[in-house]
Structures are given as C-alpha cells and as structure tokens.
Amino acid sequence: MVKPVQSEVSEFCTRLTTLTADHVKDAGSLADAVRVLKREYLSQERLWASWGDYDRRQFERVCREQGVGYRSVPAT
C-alpha cells in the first residue's frame, strides 16, 4: 500500500477497488514501496506490465514528480 500525498481515497476509488482511507492511513510512501519492489522483488530484473500504457506513464510521472528513482524500458 502507498499513502496518497496529492489526493484522498475517493468514493469512486473505493467502489472500484474496495480500498478506503483507513486502509492507507498508515501506509508507506511511494519511495518506500519502490525500495521494497527493488530489494525484495528484484524489480530491475523483471518485466513490468500494466493494463494499457496509461498506468505505466502515470507511475513514471508520479515517480518523477516525487523524486523517486524508477527506470523503465520503453514499450515496443
């Protein structure tokens, strides 16, 4: 889980995912989550996939805005 920093969990998000503000109130930052992905799941050595290019671009944009190191390989 990643605690949002620019918005709150909306009713739409809750309907879509069942997540609520209580679920993320004690969650870590995006930087924490990326560190876990790199350290525990060796994400630099794995293929990243998303449902469409929107999700990948959104992830890259938010990482860039928050200064979180993330490197992706462009889609072919």
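In what follows, the structure referred to is the one given above.
Being a predicted model, the structure only gives us computed values, none of them experimental.

A. Main features of the pattern of salt bridges. Per the stated rule, a full pass over the model turns up six salt bridges. The salt bridge involving glutamate 40 is made with arginine 39; its shortest N-O contact spans 3.5 Å. A single burial state applies to glutamate 40 and to arginine 39, both of which are exposed. One network of salt bridges, in which partners are shared, links Asp53, Arg56, Arg57 and Glu60.

B. View of helix α4 (residues 53-66). A rise of 1.5 Å per residue sets the reference length of α4, with its 14 residues, at 20 Å; its end C-alpha atoms lie 20 Å apart and thus fit the reference within 8%. When α4 is considered as a whole, its buried residues turn out to be Arg56, Glu60, Val62 and Cys63. Here the buried residues of α4 occupy an arc of 165° about the axis, which is enough to place them on one side. The outward face of α4, more than 90 degrees from its buried face, is lined by the exposed residues Tyr54 and Arg57. Contact partners of the buried residues in α4: α3 (30-41). Looking one or two residues past α4, glycine 67 carries a phi angle of roughly 70°, positive in sign.

Conventions used here
Residues numbered from 1 in each chain as written. Predicted model: local features only at pLDDT ≥ 70, side-chain atom pairs only at ≥ 80, totals over all residues. Heavy atoms only, no water. Salt bridge = Lys/Arg side-chain N within 4 Å of Asp/Glu carboxyl O. Buried < 20%, exposed > 50% of the residue type's maximum accessible area, 1.4 Å probe, protein only. Helix = DSSP H or I, 4+ residues; strand = E, 2+ residues; numbered from the N terminus. Expected span 1.5 Å × (residues − 1). Arc of directions from axis to C-beta. Contact = heavy atoms within 4.5 Å.

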